[in-house]
Amino acid sequence: MSNVILIGFMGCGKSSVARVLAELLHYSWCDTDDLIEKREKKSISDIFREQGEAEFRKMETQLLKDMAGATVKTVISVGGGLPMTKDNHAVLRSLGKIFYLEVSVDTVLKRLAGDTSRPLLSGGDAREKVTSLLAARNPVYKELADKIVCVNDKEVVKIAEEIREALV
Ligand code: S3P
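Residue numbers restart at each chain and count upward from 1, following the sequence in its written direction. Residues qualify for local features only when their pLDDT is at least 70, as the model is predicted, and side-chain atom pairs are given and counted only at 80 or more; totals for whole chains, interfaces and linings, by contrast, use all residues. Hydrogen atoms and water are omitted, and side-chain values are computed over all heavy atoms in the structure.

What follows is about the overall build of the chain. Helix and strand assignments follow DSSP, with helices taken as H or I runs no shorter than four residues and strands as E runs no shorter than two, numbered in order from the N terminus. Within the chain, the regular secondary structure consists of eight helices and five strands. Helices (α) and strands (β) of the chain occur, in sequence order from the N terminus, as β-α-β-α-α-α-β-α-β-α-α-β-α. Here the radius of gyration uses the C-alpha set of atoms, whereas the globule reference equals 2.2 Å times the residue count to the power 0.38. For the chain, the C-alpha radius of gyration of 15 Å lies close to 15 Å, the compact-globule estimate for 168 residues. Based on the C-alpha atoms only, the size of the chain along its principal axes is roughly 45 × 35 × 25 Å. The 168 residues of the chain split such that 42% are buried. Each residue is placed in one exposure class: buried if its accessible area under a 1.4 Å probe, protein chains only, is under 20% of its type's maximum, exposed if it is over 50%, and partly exposed if it falls in between.

Further remarks concern the pattern of salt bridges. Pairs can form between side chains of opposite charge once their charged atoms are near each other. We define a salt bridge as a contact between a side-chain nitrogen of Lys or Arg and a carboxyl oxygen of Asp or Glu at a distance within 4 Å. Summed over all chains, the structure comprises eleven salt bridges. For Arg-57, the salt bridge identified is with Glu-53, shortest N-O distance 2.9 Å. A residue pair is termed a helical-turn pair when its members lie 3 or 4 positions apart in one helix, as Arg-57 and Glu-53 do in helix 4 (residues 53-67) at four residues. Of the charged contacts, one joins Glu-60 and Arg-57 as a salt bridge, the two residues approaching to 2.9 Å between their closest N and O atoms. Taken as a pair, Glu-60 and Arg-57 lie in helix 4 at a separation of three residues, close to a single helical turn. We note that Glu-60, like Arg-57, is buried.

One open sheet accounts for five strands, arranged 2-3-1-4-5; its pairing is parallel. Two strands lie at the open edges of the sheet, namely strand 2 (28-31) and strand 5 (147-150), each paired on one side alone. Sheet twist, expressed as the average angle between the axes of neighbouring strands with direction ignored, equals 20 degrees. If DSSP finds at least two bridges between two strands, the strands pair. With four bridges connecting them, strand 2 and strand 3 (residues 74-77) associate as parallel partners. Its bridge partner lying in strand 3, Trp-29 is registered against Val-75. Along the sheet face, helix 1 (residues 14-25) touches strand 1 (3-7), strand 2, strand 3 and strand 4 (97-102) and points at about 175 degrees away from the line of strand 3. By definition, residues are in contact when any of their heavy atoms lie within 4.5 Å. Here an axis means a line fitted to C-alpha atoms, over the contact stretch when the element is a helix, while the angle between two N-to-C directions is reported on a 0 to 180 degree scale. Relative to the sheet, helix 8 (residues 156-167) contacts strand 1, strand 4 and strand 5, its axis offset from that of strand 4 by approximately 150 degrees.

Neighbouring residues are identified by heavy atoms, a residue being near a molecule or strand if any of them is within 4 Å of it. In the region of the ligand, 14 residues are neighbours, and Lys-14, Asp-33, Arg-57, Arg-118 and Arg-137 sit closest. N or O atoms closer than or at 3.5 Å make up a polar contact, with two conditions inside protein: a donor-capable atom paired with an acceptor-capable one, and, for residues adjacent in sequence, both atoms drawn from side chains. Between the ligand and Arg-118, the relevant distance is 2.8 Å, taken from an oxygen atom to a side-chain nitrogen or oxygen of the residue. Contacts to the ligand include Arg-137, whose side-chain N or O atom sits 2.6 Å from an oxygen atom. Protein burial of the ligand: of its 390 Å² of free accessible surface, 94% is covered by the chains. Any residue with an atom within 4 Å of a point lines the site, the site being either a cavity, points on a 1 Å grid over the protein atoms alone where a 1.4 Å probe fits but cannot get out, or a pocket, an open set with protein on both sides within 12 Å along at least 5 of 7 lines. Grid points define the cavity or pocket, and a molecule sits in it when more than half of its atoms lie within 2 Å of them. More than half of the atoms of the ligand fall within 2 Å of the grid points belonging to the largest pocket. Secondary-structure elements contributing two or more residues to the shell around the ligand are helix 3 (44-51) and helix 4. Three classes are used, and their members are as follows: Ala, Val, Leu, Ile, Met, Phe, Trp, Tyr, Cys and Pro are nonpolar, Asp, Glu, Lys and Arg are charged, and the others, Gly among them, are polar. Here the shell around the ligand is composed, by residue class, of six nonpolar, three polar and five charged. Values of accessible area rely on a 1.4 Å probe in the Shrake-Rupley scheme; residue burial ignores everything except the protein chains shown.

Here we take up the layout of surface pockets. Grid points are joined across faces, edges and corners, and a volume is the space filled by probe spheres set on the points. Here the largest pocket is characterised by a volume of approximately 580 Å³. Forming the boundary of the largest pocket are 30 residues, of which Met-10, Asp-33, Gly-79, Ser-117 and Arg-118 lie nearest the centre. Those elements giving two or more residues to the lining of the largest pocket turn out to be helix 1, strand 2, helix 2 (32-40), helix 3 and helix 4. Its residues assigned to classes, the lining of the largest pocket shows ten nonpolar, ten polar and ten charged. Estimates place the volume of the second largest pocket at around 170 Å³.

Listed below in structure tokens is the structure:
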């Protein structure tokens, strides 16, 4: 298996799990949001504010295409909305095995309380936003995933170990 892909909603712990899993597997680690911020030399919030979500989604798709074929032995954590672009699915599948870190609305709200870095959750009622976004995304994440890992109340190391075991 050349790479491991972690998908899931904002706050599910993708990047923390990716770092630990990469250590366990002796793989590299990268995160699509970090790579886009480096490419654009600005934060995700600034990209959303200055260029809008549609442009950000194009950046995600372009980044994935650039990674395909050029990325090996890497645990890749993927921005929560990236799987919602159906055109990204084939590239994601070609990159490696896909794990969906499934999380509840309550866990997301607990983890992201006070967070200001997610433009899609800023302003308005956070519970309402998370509930409706998660309901729309859950079926897509599930369809795309090779394996679903429930992450509520689990430690990062436990989640990483569970994924490692599923890889052998
Ligand atoms: C988004 C999730 C964020 C980031 C952007 C949009 C989304 O990544 O890509 O704010 O649409 O769910 P994380 O899932 O790493 O928070």
